[in-house]
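One-letter residues, chain by chain:
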Amino acid sequence: SQTIHQWPATLVQPVGSPLSLECTVEGTSNPNLYWYRQAAGRGLQLLFYSVGIGQISSEVPQNLSASRPQDRQFILSSKKLLLSDSGFYLCAWSLLGSGGNTIYFGEGSWLTVV
Amino acid sequence: RKEVEQDPGPFNVPEGATVAFNCTYSNSASQSFFWYRQDCRKEPKLLMSVYSSGNEDGRFTAQLNRASQYISLLIRDSKLSDSATYLCAVNYGGSQGNLIFGKGTKLSVKP
């Protein structure tokens, strides 16, 4: 069966510091991969998605970036964090043709920028 | 503009009650619809897909109304453990388009 893991689960970072969140998927090949953010009082916002290695699409302009160095690895980064980057970051995966793009989430990473 | 709207609630209901949530979407070309459940400070988990003919899974029933562009979730015989936030999700951009989520409806089931 497929599993998805992301880490770290929680982190507190000062403004201006870098960020790296990592996500891996097991038990499947060539998944679509996603990074969502859920800020306090707001819905899930799609940040990036990827349909293959090295292929990244950005949904919103921001100071974050994403990379997919391997088929089942997805990384979210920032060079300099802002206070507004605080939130709950969720990695997710789906398979083309699978139930109309059903997506499954990792456990999430809580980021607090101070 | 991509929009998925939900009543934020909270819905406070007693155990055993029946409760229904609606979710409206703006893109008439959407083809995939889902309900997710999210517990406090946890990731959303797929509750059920929503099919054109409607579908049922135990105490949960999901329905799609394409003409009015909304989906619904009915929970019968509510349990304390049903307390959570329920998110609807709708795809945009074709059958494999990305999912857009509503902000969620919070349900609190009281003894």
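This text follows the structure it describes.
Cut-offs used in this document
Residues numbered from 1 in each chain as written. Chains lettered and ligands numbered in written order. Predicted model: local features only at pLDDT ≥ 70, side-chain atom pairs only at ≥ 80, totals over all residues. Heavy atoms only, no water. Helix = DSSP H or I, 4+ residues; strand = E, 2+ residues; numbered from the N terminus. Polar contact = N/O pair within 3.5 Å; in protein donor to acceptor, adjacent residues only side chain to side chain. Contact = heavy atoms within 4.5 Å. Salt bridge = Lys/Arg side-chain N within 4 Å of Asp/Glu carboxyl O. Buried < 20%, exposed > 50% of the residue type's maximum accessible area, 1.4 Å probe, protein only. Pairing = 2+ DSSP bridges. Axes fitted to C-alpha atoms, helices over the stretch in contact; angles between N-to-C directions. Core = buried A, V, L, I, M, F, W, Y, C linked by side-chain atoms within 4.5 Å.

**Q** Where do I start with the side chain of Ser78 of chain B in this structure?
**A** All names here are of chain B. Inspection of the secondary structure puts Ser78 in the loop between strand S8 (70-75) and strand S9 (84-91). Here Ala17 takes part through its backbone oxygen, which lies 2.7 Å from a polar atom of the side chain of Ser78. Once residues lying within four places of it in the same chain are set aside, the contact partners of Ser78 are Val13, Pro14, Glu15, Gly16, Ala17, Val19, Arg59 and Val109.

**Q** Sorry, what's going on with the pattern of salt bridges here?
**A** Side chains carrying opposite charge are able to pair once their charged atoms draw close together. All names here are of chain B. On inspection of all chains with the given rule, the structure shows 7 salt bridges over all chains. Note that Lys79 and Asp77 form a salt bridge whose closest N and O atoms lie 2.9 Å from each other. Given a relative accessible area of 37%, Asp77 falls into the partly exposed group.

**Q** Explain the sheet that holds strand S7 (residues 64-70) of chain A here, please?
**A** Sheet strands pair by backbone hydrogen bonding; their relative direction is either parallel or antiparallel. All names here are of chain A. One open sheet holds the 4 strands; their spatial order is S1-S3-S8-S7, and the pairing between them is antiparallel. Either end of the sheet is taken by a strand with one partner, and the two such strands are strand S1 (3-7) and S7. Across the sheet, the axes of successive neighbouring strands diverge by a mean angle of 15°, strand direction being ignored. Taken together, the 5 bridges between S1 and strand S3 (residues 19-26) define a ladder with antiparallel strand orientation. Note that in S3 the partner of Thr3 across the bridge is Glu26.

**Q** I would appreciate a short explanation of the nonpolar core in the present structure.
**A** Looking at soluble globular proteins, one finds that nonpolar side chains tend to be buried together. Ranked by internal contacts, the top residues of the largest apolar core, which has 25 residues, are Phe21, Trp35, Ile71, Leu73, Ile75, Tyr86 and Leu107 of chain B. With residues near it in sequence (within four places) discarded, Ile75 of chain B still touches Ala17, Thr18, Val19, Phe21, Arg59, Phe60, Asp82, Tyr86 and Leu107 of chain B. One finds Leu19, Phe48, Val60 and Leu76 of chain A within the second-largest nonpolar core, a separate group that totals 21 residues.

**Q** What exactly am I supposed to notice about the sheet that holds strand S6 (residues 55-57) of chain B here?
**A** Residues and elements named next belong to chain B. Pairing in this open sheet of 5 strands is antiparallel, and the strands run S1-S3-S8-S7-S6 from one edge to the other. Strands at the two margins of the open sheet, each flanked by one partner only, are strand S1 (4-6) and S6. Within the sheet, the average angular offset between the axes of one strand and its neighbour, ignoring direction, is 20°. Strand direction decides the pairing type here: S1 and strand S3 (residues 19-25), joined by 3 bridges, are antiparallel. Bridge pairing in S3 places Gln6 opposite Cys23.

**Q** Is there a simple way to think about the pairing of S9 of chain B in this case?
**A** Remember that side chains alternate between the two faces of the sheet whenever the strand is regular. Residues and elements named next belong to chain B. For S9, the tally of buried residues reaches 8 of 8 residues, placing the bulk of the element in the interior. The alternating pattern of S9 places Ala84, Tyr86, Cys88 and Val90 on one face and Thr85, Leu87, Ala89 and Asn91 on the opposite face, and all of these are buried. Across 3 bridges, S9 lies against strand S11 (residues 105-110) in antiparallel orientation. By the bridge assignment for S11, Tyr86 is matched with Thr105. Here 3 bridges tie S9 to strand S10 (residues 99-101), and the two strands are oriented antiparallel to one another. For Asn91, the partnering residue across the bridge sits in S10 and is Leu99.

It is worth stressing that arrangement in space is one thing and function is another; only the former is reported here.
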